[in-house]
Amino acid sequence: MNPLYRKFMFASAILLTMAPQTVLAADAVTTSMDDVRQEAQIATSYALNPYLRANDLKVTVQKGKAVLTGKVDEKVSKELASEIALGVSGITDVDNQIVVEASYVPHFGQGGYGDKIDDASISAAIRSKLLWNKDVDSVGTDVKTKNGRVTLTGSADSQSAKDIANRLAMNTRGVMSVTNNLKIQDHPMSDDDKAKAKKQDESHNISDSWITAKVKSSFMYSSNISGGDIDVSTNNGIVTLTGKVASGIERSLAIETAQNIRGVKSVTSKALLF
């Protein structure tokens with residue numbers, strides 16, 4: 001037999017012998033990466049969940065099975081932990097070893113990852129509401145949030161604008177309190193300047209779809225409006241609100257919120273019932 005051929009056959013045999021092991025090793029690596037990804041996804045979901053983030057929960061995953069450990073003060077929290085884990089793609093089984101202890105005290109408001117995300121989201125929502133409002137100069141306003149407590153700093157054109165900014169912040173989901181440190185400008189905008197600014201704003205030809213989106217978003221951010229029950233449509237700057245609200249106060253707030261969005265000419269709310 002040709003020596004080269006013999007060496008080729010020998011090398012091929014070695015490769016064929018190693019191939020299954022290589023495939024098994026690759027599968028093991030893939031499985032391990034899936035476990036890590038699923039562990040991270042479940043742990044992040046716990047950190048973001050307002051009902052679980054204050055509990056010291058741990059999770060390990062192996063081949064699609066999640067093992068949960070830690071302590072909670074209520075059974076409903078333990079059940080929620082299982083549901084979240086089972087909702088992660090690839091998790092087929094959950095071994096919930098979380099202990100329920102009525103005497104356990106969750107550690108709320110300690111500046112964890114979830115709290116920081118909430119604070120950042122609140123600040124972003126308020127900045128957006130200020131930006132969309134036609135009576136507030138959002139450029140001169142800085143918004144900071146810590147543990148749901150909002151601080152407004154910067155300048156306002158008038159006492160009315162300062163009050164509106166305060167109200168927009170206070171009516172945002174998750175806000176516990178508002179410290180309004182806005183300073184009223186020494187040289188507020190004159191009526192003529194305001195008229196020019198309004199005319200310039202209208203000349204930008206804000207689209208109906210933009211207005212509708214911002215009204216809906218403002219409802220969603222509000223702590224006093226059930227935005228999911230209100231339908232919004234806009235035609236030539238005229239906003240129409242339909243649906244149901246819980247009270248006359250909520251109805252009035254929804255109308256006021258829509259009226260204050262940039263580009264809105266008027267609001268029709270006859271079909272907004274309570």
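For clarity, every value in this text was computed on a predicted model and none was experimentally measured. Every chain's residues receive numbers from 1 upward, in the order its sequence appears when written. Per-residue local features are limited, in this predicted model, to residues with pLDDT of at least 70; the limit for side-chain atom pairs, both in listing and counting, is 80 or more; totals at the level of whole chains, interfaces and linings are taken over all residues. Just so you know, side-chain values use all the structure's heavy atoms and leave hydrogens and water out.

For the rest of this paragraph, the subject is the side chain of D35. Counting through the fold element by element, D35 comes out in helix α1 (residues 3–48). Working definition: with a 1.4 Å probe on protein chains only, accessible area under 20% of the residue-type maximum means buried, over 50% means exposed, and in between means partly exposed. The positive count covers Lys and Arg only, the negative count covers Asp and Glu only, and His and the chain ends enter neither. For this document, the term salt bridge refers to a Lys or Arg side-chain nitrogen within 4 Å of an Asp or Glu carboxyl oxygen. Buried within the structure, D35 lacks any salt-bridge partner; its nearest side chain of opposite charge belongs to K63, at an N-O separation of 8.0 Å. Each helix corresponds to a stretch of at least 4 residues labelled H or I by DSSP, and each strand to a stretch of at least 2 residues labelled E; elements are numbered beginning at the N terminus.

Turning next to helix α4 (residues 159–170). In this analysis, the expected span of each helix is defined as 1.5 Å times one less than the number of residues it contains. Taking 1.5 Å as the rise per residue, α4 with 12 residues should run 16 Å; its terminal C-alpha atoms sit 16 Å apart, in good agreement. Contacts between residues were defined by any pair of non-hydrogen atoms, one from each residue, lying within 4.5 Å. On its buried face, α4 sits against α3 (113–132), β6 (149–156) and β7 (177–184).

Three- or four-residue spacings in an α-helix give side chains the same orientation, since the helix completes a turn every 3.6 residues. Taking 1.5 Å of rise per residue, the 14 residues of helix α6 (residues 208–221) would be expected to cover 20 Å, and the 20 Å separating its terminal C-alpha atoms lies within 8% of that figure. Regarding α6, the residues found buried are I211, T212, K214, V215, S217, S218 and F219. Check the buried side of α6 and you find it contacts α3, β8 (230–235), β9 (238–244) and α7 (248–259).

Turning next to the confidence of the model for the chain. Taken over all residues, the pLDDT of the chain has a mean of 84, while the share at 70 or more is 81%. Predictor confidence is given residue by residue as pLDDT, running from a minimum of 0 to a maximum of 100. Per-element mean pLDDT across the chain ranges from 56 in helix α5 (residues 191–203) up to 96 in strand β3 (residues 93–96).

The subject of this paragraph is the sheet that holds strand β5 (residues 141–146). Strand pairing in a sheet relies on backbone hydrogen bonds. The paired strands run either parallel or antiparallel. What makes two strands pair is DSSP finding at least two bridges between them. On the basis of which strands lie adjacent, the open sheet formed by three strands has the order β5-β6-β7 and mixed pairing. Edge strands, defined here as strands with exactly one partner in the open sheet, are β5 and β7. Averaged over all neighbouring strand pairs, the angle between strand axes comes to 10°, with direction disregarded. Direction of pairing for β5 relative to β6: antiparallel, over a ladder of six bridges. Note on β6: the bridge partner recorded for K144 is T151. Its contacts with the sheet place α3 against β5 and β6, and it is angled at close to 155° to β5. Axis definition: a line fit to C-alpha positions, over the contact stretch in the case of helices; interaxial angles, taken between N-to-C directions, run 0 to 180 degrees.

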